[in-house]
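The lines below spell out each chain.
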Amino acid sequence: MSIDLTFIGQIIVFMTLLILLRKFLYGPLSTLMEQRSAKIAEGLAAADAGKEAKAKADAEAAEQLKEARKKAQEILAAAEKRASEIQEEVTNKARDEAGQIVQAASEEVEAEVSRARQVLRKEVAGIAIAAAERVINSELDAKRHTKLIDDVVAQGFGNA
Amino acid sequence: MAQEEHGAGGIAEHLNYWTYKFDDSNPFMQIHLDTMLTTVVVASLLVGFSIWLGRRLTDGAPSGAQNFMESIVGFVDDTVRDNFPVHNPFIAPLALTVFVFIFLMNCLDIFPAFLFSHTASLFGLEHYRQVPTNDLNLPAAMAVCVFLMVLYYEFKLKPVHFCKELLLQPFASLLLDAKNPIVKLLGVALIPLNLVLKLVEELAKPLSLSFRLFGNMFAGEVIFLLIAFLLLGGGVVGMTAGFFVGLGWSMFHMFIGLLQAFIFMILTVVYLSIAHQPAEH
């Protein structure tokens, strides 16, 4: 139970063990643990970065979708507007054309009527001249003449 | 029979070391071969285990022995980091060595009390003490190593402050703050007293460190021997009672061994961290 040379021996044993354990046990293990914790930290950071990137991409996608929808809406509205414009244009054109056709037809009718009137007038004049010739050629008989003229007129109109 | 055989020399008979004496007249010139042999064997096994483990370390998910050692290293690292104001790469391995070595030594107590000495007697040895921490030399050697390290760091990191503390504590205010010249003179006169008090304070550290471990383990050993005598000498009832008491004491003593290893480690760290504490002005 006394202090003796064992004390010196134990100091040597302890110091040797300390140096050896530091070299073989503590050194490799603590290096390893540090490496592992660095690796884990790195992995966690990467996971965080990935999550962030995903959130960003999601937001971007949503933004793009919104924009596309808006654009589609715009295109649709423009197309509708253009369609109604075209419809109106066509309607107007058709109405104009119809008016022109009606006008041309009425002008033609008028021309036809005036031509007919002229022809009629010429014929009436010719008939009148023919009737006058007949009246002159025959004796003047009021009853007969009248009846003749009437006949001629009736005849002429009937032919006309 | 058993009673007579073991009762003859009493407990003291079983507390002798396997000793080699260089010089019979000088009690210092002897060596406890059992303590030396056990420590060297345990230390070699520990180093062998470390080398074996070092070969199969993986930085992926640890398992088995590596996991176990990593948890111990992590625990020691945390303890050191919590207590230290600065980083010193030498402290954690020191704490680890202290903890593991003392714990393994204390664990030898789980072997039956007479196993080692009876085995040794087969080889013709008269005495063999199985637990080296029961030998004051081992705790004292470790405590002195720690103490020398504390002194080394005190002188290396803050030589002026440490010398001032040696000479001026605890009666510093008499010399430094006093206005009265007579009181100041008294302060100067008290410097030797300060030195003595401070030396006692410092020397108490390794002394208490070593005697705490030694006392706990030695008392445990003595109680084991008492229980063993009860077991061997008391007939059927005594043997049954001795068996259960011995079992209970084994468990308790294992816990004490772990606790003492932890206390030795934490005090080592604390003493060294005090030495590393920056000097306050």
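Small disclaimer: the values here were computed from a predicted structure and weren't measured.

Visitor: What exactly am I supposed to notice about the overall build of chain B here?
Guide: Along the backbone of chain B there are 11 helices and 2 strands. Reading the secondary structure of chain B in the N-to-C direction produces α-β-β-α-α-α-α-α-α-α-α-α-α. Nonlocal contacts in chain B, meaning residues at least 24 apart in sequence, comprise 71% of its contacts between residues at least 6 apart. Within the structure as shown, chain B displays about 14,500 Å² of accessible surface, and the carbon and sulfur contribution to it stands at 72%.

Visitor: Help me understand the nonpolar core, please; the structure alone is not making it clear to me.
Guide: In a soluble, globular protein the nonpolar side chains are often hidden away together inside. In terms of nonpolar packing, the biggest core is built from 54 residues, with Val80(B), Leu96(B), Val98(B), Phe101(B), Met142(B), Phe264(B) and Leu272(B) touching the most fellow members. Those elements giving two or more residues to this core turn out to be α1 (5–137) of chain A together with α2 (33–55), α3 (64–83), α4 (91–107), α6 (137–157), α10 (191–233) and α11 (235–276) of chain B. Looking at which element gives the most residues to this core, the answer is α4(B), with 11 residues. Setting aside residues up to four positions removed in sequence, Val80(B) forms contacts with Ile91(B), Ala92(B), Ala95(B) and Val269(B). Core analysis: the next-biggest nonpolar cluster, separate from the first, contains 7 residues, Leu136(B), Phe214(B), Phe218(B) and Ala228(B) among them.

Visitor: Teacher, can you tell me more about the side chain of Glu202(B) here?
Guide: Of note, Glu202(B) is situated in helix α10. Aside from chain neighbours lying at most four places away, what touches Glu202(B) is Phe147(B) and Phe162(B).

Visitor: Just to check I follow, could you spell out the interface of chain B and chain A for this structure?
Guide: By a widely used convention, the size of an interface equals the accessible area lost when the partners come together. Each partner contributes residues to the interface: chain B has 50 residues there, and chain A has 30 residues. In total, chain B and chain A occlude about 3,700 Å² of area from one another, counting both sides; carbon and sulfur atoms represent 77% of this. Together, Phe28(B), Asp59(B) and Asn137(B) form the three largest contributors to the area buried by chain B at its contact with chain A, with a combined 16%. Counting across the chain B and chain A interface gives 1 salt bridge. Glu70(B) serves as the salt-bridge partner of Arg36(A), at 2.7 Å between the closest nitrogen and oxygen. Seen at the junction of chain B and chain A, the total is 5 residue pairs in polar contact (both at pLDDT 80 or more).

Visitor: In this structure, what is going on with the pattern of salt bridges? I would like to understand it.
Guide: Between side chains of opposite charge, pairing is possible as soon as their charged atoms come close. Residues and elements named next belong to chain B. The tally for this structure, following the rule as stated, stands at 9 salt bridges over all chains. Where lysine 198 meets glutamate 202, a salt bridge forms, and the shortest distance between an N and an O atom there is 3.6 Å. Residue lysine 198 and its partner glutamate 202 are located together in helix α10, separated by 4 residues, close to a single helical turn. Overall, glutamate 202 belongs to the buried group, its relative accessible area being 5%. A salt bridge links lysine 205 to glutamate 202; the shortest N-O distance between them is 3.7 Å. Separated by 3 residues within a single helix, lysine 205 and glutamate 202 lie in helix α10, roughly one turn from each other. The class of lysine 205 is buried, set by a relative accessible area of 13%.

Basis of the calculations
- Residues numbered from 1 in each chain as written.
- Chains lettered and ligands numbered in written order.
- Predicted model: local features only at pLDDT ≥ 70, side-chain atom pairs only at ≥ 80, totals over all residues.
- Heavy atoms only, no water.
- Helix = DSSP H or I, 4+ residues; strand = E, 2+ residues; numbered from the N terminus.
- Contact = heavy atoms within 4.5 Å.
- Areas by Shrake-Rupley, 256 points an atom, 1.4 Å probe, with all protein chains shown as cover.
- Core = buried A, V, L, I, M, F, W, Y, C linked by side-chain atoms within 4.5 Å.
- Buried < 20%, exposed > 50% of the residue type's maximum accessible area, 1.4 Å probe, protein only.
- Buried area = accessible area lost by both parts, 1.4 Å probe.
- Salt bridge = Lys/Arg side-chain N within 4 Å of Asp/Glu carboxyl O.
- Polar contact = N/O pair within 3.5 Å; in protein donor to acceptor, adjacent residues only side chain to side chain.

Nothing here speaks to function; it is geometry throughout.
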